[in-house]
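# Notes for the structure review
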Amino acid sequence: MPNKNISEAFGFATRAVHGGNEADRETGAIRRPITMANSYELPYDPTNINWSGTGGNLYTRNGGANQAYLQQKLALLHGTEDCVVLATGVAALSGVFFACLKSGDHAVVSDSTYIATYRLMHELLPEKYGIHTTLVDSSDMASVRAAIKRNTRLIHIETPANPTLKVSDIRIIAEIAHANRALLSVDNTFASPYNQLPNALGADLTVESLTKYINGHGDALGGAVLGAKPLIDKIRGEAMVNLGGAISPFNAWLIMRGAVTLPLRMRQHNESAQKIATFLANQPQVRFVAYPGLESDKGHTVAKSQTVNGYGGTLAFGLNADHDAHCRFVSHLRVITSAVSLGHDESLIVYLGENDERQYLYPEEFHNGFFRLSVGLEDAEDIIADIRQALGNTGLF
Ligand SMILES: *Cc1c(COP(=O)(O)O)cnc(C)c1O
């Protein structure tokens, strides 16, 4: 039941505001209420109910009201047939891997990804379930093609990738996947649907960590998978009902509220990150900056060919300095907070030191330790001034 007939024909901001919302039938309130119930009333004769079903309102692990509203909004933003929202981004990723792969199958995975993707695909699924995986530099099409095997069923990429901002070509990798009867899933968390729509570029599944830009306020965890209904239904049944990754109604409500301002916030994140990346690239103490919005960035051309509105709010950089000076720099920051996560209203920085176990997979400039900076919604001038004074106080020349 789409409200006000909000369809994909409307602009992104209109869909962000109205998608999934409708007046409450009981009270007339013009916002969806939070339905904090585990269970829904059964019919007169419940004996034919499929207790593992995902259709109607039965039990909140099988589906709930707030979850359904958020799914409507996100499917409208991505222009996909269906969406499932889950407890976390990692629940969404494991749902995709669990639904698309079985023992004996092979998957090709980007070599720069969120850490849990690496752990699942490089260790847990191969060791425990006999799923074979190959980590590849997915920015290099020859490497992707060379990694395909007879039993490859899934290619999973992240673009721009966490934490290196490496960019992969979604259109070409979708063609490679489909020519080999494999599916392509894309972790779109760094871009969000405001900047990039993987399904429109040929991907079968898009994964979003709602925890990041889509919620945007750093106060709830959530994840989503978007795509065609048969595949999403399978993930809903397996990942939500049977693996148990259901989102709480309150978190779904919070994320629905946060998503309303996604286009406004992303516009600011894109603009401020571009300014800050440019500032950093001109500082003598800065050894390198990785941000696809910089024309000098290795991923710029591909990123430009597949972005809708910009290059996101997250970047990586390193200093011409030793380990301790990197830590000292962070200790001098006054506006930017040292904490993991990204896409929050406040700027966040994390130092990934040279003993990060995945350094061997990263491009060379990342080998001596680097920062991941999530540029927040503060005034860009204040963020730049904060970096400038911290560089000064670190004692670098
Ligand atoms: C944070 C993140 C995830 C995991 O999301 P959670 O909501 O923390 O489980 C997955 N992919 C990327 C790219 C991320 O940045």
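Calculation rules
Residues numbered from 1 in each chain as written. Predicted model: local features only at pLDDT ≥ 70, side-chain atom pairs only at ≥ 80, totals over all residues. Heavy atoms only, no water. Buried < 20%, exposed > 50% of the residue type's maximum accessible area, 1.4 Å probe, protein only. Helix = DSSP H or I, 4+ residues; strand = E, 2+ residues; numbered from the N terminus. Pairing = 2+ DSSP bridges. Salt bridge = Lys/Arg side-chain N within 4 Å of Asp/Glu carboxyl O. Axes fitted to C-alpha atoms, helices over the stretch in contact; angles between N-to-C directions. Contact = heavy atoms within 4.5 Å. Patch = residues over 30% accessible without salt bridge, like charges linked within 9 Å, V, L, I, M, F, W, Y side chains within 5 Å. Areas by Shrake-Rupley, 256 points an atom, 1.4 Å probe, with all protein chains shown as cover. Near = heavy atom within 4 Å. Polar contact = N/O pair within 3.5 Å; in protein donor to acceptor, adjacent residues only side chain to side chain. 1 Å grid on protein atoms, 1.4 Å probe; cavity = no way out; pocket = protein on both sides within 12 Å on 5 of 7 lines; lining within 4 Å. Sits in = over half its atoms within 2 Å of the grid points. Lys, Arg positive; Asp, Glu negative; His and termini not counted. Expected span 1.5 Å × (residues − 1). Phe/Tyr/Trp six-rings, centres within 6.5 Å; stacked < 30°, edge-to-face > 60°.

A separate point is the pairing of strand 11 (residues 348-352). For strand 11, the tally of buried residues reaches 5 of 5 residues, placing the bulk of the element in the interior. Judged by which residues are buried, strand 11 turns out to be covered on both faces: L348, V350 and L352 on one side and I349 and Y351 on the other are all buried. As judged from the 5 bridges shared by strand 11 and strand 12 (residues 370-374), these two strands associate in the antiparallel manner. Residue L352 lies in a different strand from strand 12, and its bridge partner there is F370.

The next point concerns the sheet that holds strand 11. Strand order in this open sheet of 5 strands is 8-9-12-11-10, and the pairing throughout is mixed. Edge strands, defined here as strands with exactly one partner in the open sheet, are strand 8 (286-290) and strand 10 (337-338). With 4 bridges joining them, strand 8 and strand 9 (residues 314-319) adopt antiparallel strand pairing. Along strand 9, the bridge assignment pairs V286 with L319.

What the rule picks out here adds up to 15 salt bridges. Here E22 ties to R32 by a salt bridge, and the two come within 3.4 Å at their closest N and O atoms. In this pair, E22 is assigned in the loop between helix 1 (12-18) and helix 2 (65-78) and R32 in the loop between helix 1 and helix 2, connecting sequence segments 10 residues apart. With respect to class, E22 is no different from R32; both count as buried. In this structure, D105 engages K102 in a salt bridge whose closest nitrogen and oxygen atoms are separated by 3.6 Å.

A word on the sheet that holds strand 3 (residues 132-136). Read across the sheet, 7 strands follow the order 1-7-6-5-4-2-3 without closing on themselves; strand pairing throughout is mixed. Strands with a single pairing partner mark the edges of an open sheet, and in this sheet they are strand 1 (82-86) and strand 3. Adjacent strand axes in the sheet meet at a mean angle of 20°, parallel and antiparallel pairs treated alike. Bridge count between strand 1 and strand 7 (residues 223-227): 5 bridges; the pairing is antiparallel. Residue pairing across strands places C83 opposite L226, the latter belonging to strand 7. Sitting on the sheet, helix 8 (residues 229-242) is in contact with strand 1, strand 5 (183-187), strand 6 (205-209) and strand 7, with an inclination near 20° to strand 1.

The next thing to look at is a nonpolar patch on the surface. There is a patch of nonpolar side chains on the surface, built from I34, M36 and F250 and spanning about 290 Å² of accessible area. What makes F250 partly exposed here is its relative accessible area of 37%.

The next point concerns the site of the ligand. For the ligand, the set of nearby residues contains 15 residues, the closest of which are G89, V90, D187, T211 and K212. Between K212 and the ligand, the recorded distance is 2.8 Å, taken from a side-chain N or O atom to an oxygen atom. Expressed as a share of its isolated accessible area of 380 Å², the protein-covered part of the ligand is 93%. Using a 2 Å cut-off from the grid points, one finds that the ligand occupies the second largest pocket. Looking at which element gives the most residues to the shell around the ligand, the answer is helix 3 (residues 89-100), with 3 residues.

Here E208 lies in strand 6. K212 provides the closest opposite charge to the buried, unpaired E208, separated from it by 9.4 Å. There is a polar contact of 2.8 Å between the side chain of E208 and the side chain of N188. Those residues in contact with E208, other than ones at most four positions away along the chain, are H78, G89, N188, T189, S192, P193, I214, G222, G223, A224 and L226.

Positionally, K166 belongs in the loop between strand 4 (152-158) and helix 6 (170-179). Owing to a relative accessible area of 14%, K166 belongs among the buried residues under this scheme. For the pair K166 and P292, spaced 126 residues apart in the sequence, the C-alpha separation amounts to 7.9 Å. When sequence neighbours within four positions are dropped, the list of residues in contact with K166 reads D111, D137, S139, E158, T159, P160, A161 and P363. Only 3.1 Å separates the side chain of K166 from the side chain of D137, close enough to count as a polar contact.

As a further point, take helix 3. Taking 1.5 Å of rise per residue, 12 residues should cover 16 Å, and helix 3 covers 17 Å from first to last C-alpha, within 8% of that figure. Residues of helix 3 that are buried include every one of G89, A91, A92, L93, G95, V96, F97, A99 and C100, and no others. Looking at where helix 3 begins, the residue whose side-chain oxygen comes 3.3 Å from the main-chain nitrogen of V90 is T88.

Before going further, it helps to spend a moment on the pairing of strand 12. For strand 12, a buried count of 5 out of 5 residues is recorded, marking the element as mostly surrounded by other parts of the structure. Because side chains alternate across strand 12, one face comprises the buried residues F370, R372 and S374, and the other comprises F371 and L373, equally buried. Where strand 9 meets strand 12, 4 bridges bridge the pair, whose relative direction is antiparallel. The residue of strand 12 that forms the bridge with L315 is L373.

Let us now look at the packing of aromatic side chains. All told, the structure shown has 10 aromatic pairs when counted by the stated rule. Taking the centre distance of 5.6 Å and the plane angle of 65° together, the rings of F12 and Y194 count as edge-to-face. Separated by 182 residues along the polypeptide, F12 in helix 1 and Y194 in helix 7 (residues 192-195) bring together distant segments of the chain. Residues F12 and Y194 agree in their burial class; the two are buried. Summarising the aromatic geometry, the rings of F317 and F329 are spaced 6.2 Å apart at their centres and angled 90° between planes, so their arrangement reads as edge-to-face. Within this pair, whereas F317 is found in strand 9, its partner F329 is found in helix 12 (residues 323-332), the two being separated by 12 residues in sequence.

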